[in-house]
Amino acid sequence: MGLPNRIAYKDHRYPYVVLAPIGKKNKHIRSIGHKFERGLLSRLNDAIVDQMNDKPLDAEKIRSFLGLKGNAVLPVFFEKEETIHPHLMRPEMFLWRSLPEEHGLPLREEYLYPTDFTQLSSEQLYDHVGEVLEEYLFLANISEYDRNYWLKKISSAFYNHPIVQLFHKKRRVIDAVEVMNQSALISVLNYPEDIAGWRHRAAIVMRPFRALPEEWVTGSKEICSHKKLLTFNPKSRSICCYCETCDFCLEYHVEEEQVTFIEEYDVELSTKRVTTIEKQFNEIARQNQSLLEQLLQLRVLKKQLSTARKTLDESLTIIHQIERYQRKSEDKKTYPLLYMYDKLSRTHIAEQTCNSELLWLAEVRLDDVRMLKELRHWQKIVPENVYPMTSHVLEELKSKLEEVRYEENDVIITIKGRPLTYAETQQILDLIYYYGTAHPAHTLVQVLAGKATHKLRQLRLHETRWFGLLSSWPEKHIQKLFNQLKKQGWLMKQQKGYSISDYAEEVM
């Protein structure tokens, strides 16, 4: 870190200035021969002396930051023509960075002050030098610790911010508001005008919390893992931390060890609003007692059907297999108990263990809100003892599965008048299983066609049991067969060749 010693150049006439070449091809400074440069360096040196006499600047810290010895505290840069570069360099160039010693400093716009100090009056130069030295001193203080140290300080201060602490304190309510705002249940609550009003107020209440990136608040100690851009503001003695991925920016105030956001919110008002929005939702929910009772009744039904869970789960598995063979969905309503169980198995209704309807309803997950309309019919058809009826359904489905299973001679696909049986399909899928991803499609075609090419003999594929299986088929029809098997879901195209699908594995 600091200014590389090899390229640093000092002149006893300007003790408070250190010179360095700028530009990749500018490797060293030979002399200061021009009258304009000598006069400018003299004025700059005097401005530094005046600043150090007028202000309590800790020059040693700046020298330590830049790696300098002697009196020099400010770097000035010479271009290749031995002329002074008209802009001073920001101290960020030297922060946590090793600069090359074999050529001049990088000429990068973002690290240069916009002010052309060669055109300033004595008073203007004094002010400009003062600002620059303040920035160097601030960055010198920052450089005493590494980048990770400051990121940890920023992270700690972020979690101590009152709005972030309020978020964690009221996390359950805040999450519940967001869930209910998007829940299908809200569409079946009575008094739509009350719901619309609640959602409008919720948008206002949630603003401070929605402004916080999810990845920053999900933890309790570490902010997001993305790369951060740190910029420094010596006037406010703060560090600006920006995450481009999260599109979030905050300012860390070094002396106060606190962060501020671009938009700050009244914490006391936000606390009251969170409490009020929960209370308002609970009042709306309590006007919908019939809905609350229906949810509890669905929970009872689910518990009732769960006594035959094993039989019902097996029945659903068999229906899935039947659908695979038939290549169409089975109407589960033909088996009412199974249809109900299937819907309720994807439904979660917790016990109402608290007095807040908002918190309870936010945990409700319905497979379909239309279940509420079907509830009355379901209650009529569920017997007190569900096991005998579910056993009967299972046996019926087993019989149907046997009916739809493929027989060895069942024709699976027909290509240009050439049928392919289930038994032949099994053999082709075996070939794909063992060799499908190891060889390109045209090689697999040649194996099935029985073409003993030099390559096939080298690979010994002509000795496999699949060689010549479709020798009566033209090669172009075998390629069409692969395309059709892929289209029907038996195969999956890979970067090299094919693999068999989950569907094929299940059916076979």
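Residues numbered from 1 in each chain as written. Predicted model: local features only at pLDDT ≥ 70, side-chain atom pairs only at ≥ 80, totals over all residues. Heavy atoms only, no water.

Colleague: Before we go on, may I ask you to explain the overall build of the chain in this structure?
Modeller: Looking only at helices and strands, the chain has 20 helices and 10 strands in total. A globule of 508 residues ought to have a C-alpha radius of gyration of about 23 Å, yet the chain, at 38 Å, is considerably larger. Seen through its principal axes, the chain has C-alpha atoms that stretch 105 × 80 × 30 Å. Per-residue burial over the chain gives 45% buried out of 508 residues. Restricting the contact set of the chain to residue pairs at least 6 apart, pairs at least 24 apart contribute 66%. If you sum the accessible surface of the chain, you get close to 27,300 Å²; carbon and sulfur atoms cover 47% of it. Counting 71 positive and 70 negative side-chain charges, the chain places the averaged centre of each group 6 Å from the other. (Helix = DSSP H or I, 4+ residues; strand = E, 2+ residues; numbered from the N terminus. Rg over C-alpha atoms; globule rule 2.2 N^0.38 Å. Buried < 20%, exposed > 50% of the residue type's maximum accessible area, 1.4 Å probe, protein only. Contact = heavy atoms within 4.5 Å. Areas by Shrake-Rupley, 256 points an atom, 1.4 Å probe, with all protein chains shown as cover. Lys, Arg positive; Asp, Glu negative; His and termini not counted. Charge placed at Lys NZ, Arg CZ, Asp CG, Glu CD.)

Colleague: Would you take a moment to explain the pairing of strand β5 (residues 248-253) for this structure?
Modeller: A regular strand places its side chains on the two faces of the sheet in alternate fashion. Across the six residues that make up β5, a large majority, five, are buried. As paired strands, strand β4 (residues 238-243) and β5 are joined by six bridges and run antiparallel to one another. Pairing of Cys 240 across the sheet is with Glu 251, part of β5. Connecting β4 to the next strand, β5, in antiparallel fashion are four residues, including Asp 247 with a positive phi near 50 degrees. Note: β5 against strand β6 (residues 258-261), four bridges, orientation antiparallel. Across the sheet, residue Leu 250 finds its bridge partner in β6, namely Phe 261. If you look at the hairpin formed by β5 and β6, you'll find four residues sitting between the two strands, and Glu 257 has a positive phi there, around 55 degrees. (Pairing = 2+ DSSP bridges.)

Colleague: Hey, could you run me through the packing of aromatic side chains in this one?
Modeller: Given two aromatic rings, their pairing is described by the distance between the two centres and the angle made by the two planes. A full pass over the atoms with the stated rule returns 23 aromatic pairs. Taking 5.1 Å as the distance between ring centres and 85 degrees as the angle between the ring planes, the aromatic pair formed by Tyr 149 and Trp 150 counts as edge-to-face. Note on Trp 150: relative accessible area 5%, which makes it buried. Measuring from ring centre to ring centre gives 5.9 Å for Tyr 434 and Trp 466, while their planes differ by 35 degrees; the resulting arrangement is tilted. Here Tyr 434, found in helix α16 (residues 422-435), pairs with Trp 466, found in the loop between α18 (454-458) and α19 (475-487); they are 32 residues apart in sequence, far enough to count as distant. (Phe/Tyr/Trp six-rings, centres within 6.5 Å; stacked < 30°, edge-to-face > 60°.)

Colleague: Explanation requested: a positive patch on the surface in the structure shown.
Modeller: Residues Arg 6, Lys 25, Lys 27 and Lys 80 make up a contiguous surface patch of positive charge. Mapped onto the elements of the fold, Arg 6 is located in the segment before β1 (17-21). For Arg 6, a relative accessible area of 47% puts it in the partly exposed group. (Patch = residues over 30% accessible without salt bridge, like charges linked within 9 Å, V, L, I, M, F, W, Y side chains within 5 Å. Salt bridge = Lys/Arg side-chain N within 4 Å of Asp/Glu carboxyl O.)

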